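# Descriptive analysis of the structure
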Amino acid sequence: MWPEKCQFSFGKKTLYFSSLAVAALVVLGWYSYFPETSSYWHSRYIFSCKAKMVYPKPETLKPPRTNVLSVSPWLAPIVWEGNFNIDILNELFRQENVRIGLTVFAIKKYIRFLKTFIETAEKFFMVGYPVNYYIFTDLVGNVTNFNMTVGPRKQLIFLEVPSYKRWQDVTMRRMQMIRDFTKQRFASEVDYLVCVDVDMRFQDHVGVEILSDVFGTLHPAFFVKGRDKFTFERRPESQAYIPEDEGDFYYAGGYFGGKVEEVYKLTNHCHHAMLTDKANNIEAIWHDESYLNNYFLYYKKPTKILSPEYLWNERDGTAFYLRKRRLISLHKNADEVRN
């Protein structure tokens, strides 16, 4: 997949060798014939090797997926298995030396999901890239005793945050907390942020194919439904309001991200919209998710959209359009965990 071509230039002439040929030259000692440490070597001879990729030519009249929507009306790609070449993407992103942050909130009883989340993320999330796991929790002393270990260039970073009596306040305050820590430290530590719910399990590859300026994820419960079934906030007086005849997709509140500066803009906007509603005694129907959908519709449409492969419900089995189920939302007694 990755044969190397090496180039040796002297004067106006250039010779090309395979990487195996260069190895043979070294073994035979021919490399020592060149005065590599002298100024003459540096001024007259140039020797370099560069990896060359070999992959099938894209077929313009034979799209890899024809049973699903692969691009939005505003030309944002919708990420499905079969529509991307991860080797090409890895080469592009590694040239940029990208650093990735993954945020999760392990508040109150939700700490029970953290160990599984981190252990499965280590197997499938951004393998080979530097990752900071930013764990927001009100129980730092508890979660640091979970005996979680991460690999090279990975860090577990525990951020102590307050808890709130109502679970609705916990979920809405996430936007504020992500915004505040983005300004305080994330912007200087990572290039991209991925913001995910903690009650999840990775079970297949999730890599740089998801990264973009700002991305959202199609909610699996509404993926094939019409606008009239979307549970947008329908009260016109709310900052999250979307009328019944509008809306592109319904995005999941538990999976979004992008470049650090774009995540800051998103979370800052949603937080201020919530404060405005709170001052008017309004609480959007699905809290932070309602404001996220409003933002993606009216203020900044996602530059990339993740298909339901990237967020699937444990109880829903499979579907004909799913070739992968990469991140699974775990079944739980919501009332018991939230209260």
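As recorded by an unreviewed UniProt entry, the protein carries the name Histo-blood group ABO system transferase-like isoform X2 and is attributed to Xenopus tropicalis. Under the heading Subcellular location (unreviewed entry), UniProt records this for the protein: "Membrane". Quoted verbatim from the Sequence similarities (unreviewed entry) field of UniProt, the annotation for the protein is "Belongs to the glycosyltransferase 6 family."

## Some thoughts on the pairing of strand β11 (residues 251–259)
Counting buried positions over the nine residues of β11 gives eight, a clear majority of the element. Examined bridge by bridge, strand β8 (residues 192–196) and β11 share five bridges and lie antiparallel to one another. Looking across to β11, one finds that L193 is bridged to G258. Judged from the four bridges that link them, strand β10 (residues 214–218) and β11 form a sheet pairing that is antiparallel. Looking across to β11, one finds that V214 is bridged to G258.

## As for the packing of aromatic side chains
Scanning the model with the defined rule gives 25 aromatic pairs in all. Here F93 and Y192 contribute two aromatic rings whose centre-to-centre distance is 6.2 Å and whose plane-to-plane angle is 65°, an arrangement assigned as edge-to-face. Here the residue F93 occupies a position in helix α3 (residues 86–95), and Y192 occupies one in strand β8, the gap between them amounting to 99 residues. Each member of the pair, F93 together with Y192, is buried. Through a chain of ring-to-ring contacts, three or more aromatic side chains come together here, namely W74, F249, Y251, Y295, F296 and Y299. It is K301 that lies over the ring of W74; its NZ or CZ is 4.8 Å from the centre.

## Concerning empty space enclosed by the protein
Going through the model one piece at a time under the given rule, you end up with two cavities of 30 Å³ or more. The wall of the largest cavity is formed by 14 residues, among which F105, R174, I178, C195 and F256 lie closest to the centre. Every element with two or more residues in the lining of the largest cavity is listed here: β5 (100–106), α6 (167–189), β8 and β11. If you tally residues by element for the lining of the largest cavity, the top one is β11, at four residues. Of the residues in the lining of the largest cavity, the class split is eight nonpolar, three polar and three charged.

## Some details on the UniProt feature "active site" (unreviewed entry) in the protein
If you check UniProt for "active site" (unreviewed entry), the listed places come out as E289 in our numbering. As for its placement among the helices and strands, E289 is situated in helix α8 (residues 288–298). Using a relative accessible area of 12% as the deciding quantity, one classes E289 as buried.

## Focus: the pattern of salt bridges
Per the stated rule, a full pass over the model turns up 16 salt bridges. Linking R174 and D288 is a salt bridge whose minimum nitrogen-to-oxygen distance equals 2.6 Å. Taken together, the residues span a long stretch of sequence, with R174 in helix α6 and D288 in helix α8 at a distance of 114 residues. Considered together, R174 and D288 belong to a single accessibility category, that of buried residues. A salt bridge links K265 to E262; the shortest N-O distance between them is 3.4 Å. Taken together, the residues K265 and E262, both in helix α7 (residues 260–279) and three residues apart, mark about one turn of the helix. According to the relative accessible area criterion, K265 is partly exposed, its value standing at 44%. The exposure class assigned to E262 is buried, which follows from its relative accessible area of 11%.

Basis of the calculations
Residues numbered from 1 in each chain as written. Predicted model: local features only at pLDDT ≥ 70, side-chain atom pairs only at ≥ 80, totals over all residues. Heavy atoms only, no water. UniProt positions renumbered as here; feature names shortened; annotations may be inferred. Buried < 20%, exposed > 50% of the residue type's maximum accessible area, 1.4 Å probe, protein only. Helix = DSSP H or I, 4+ residues; strand = E, 2+ residues; numbered from the N terminus. Pairing = 2+ DSSP bridges. Phe/Tyr/Trp six-rings, centres within 6.5 Å; stacked < 30°, edge-to-face > 60°. Lys NZ or Arg CZ within 6 Å of the ring centre and 35° of its normal. 1 Å grid on protein atoms, 1.4 Å probe; cavity = no way out; pocket = protein on both sides within 12 Å on 5 of 7 lines; lining within 4 Å. Points joined across faces, edges and corners; volume = space filled by probe spheres on them. Nonpolar A, V, L, I, M, F, W, Y, C, P; charged D, E, K, R; others polar. Salt bridge = Lys/Arg side-chain N within 4 Å of Asp/Glu carboxyl O.

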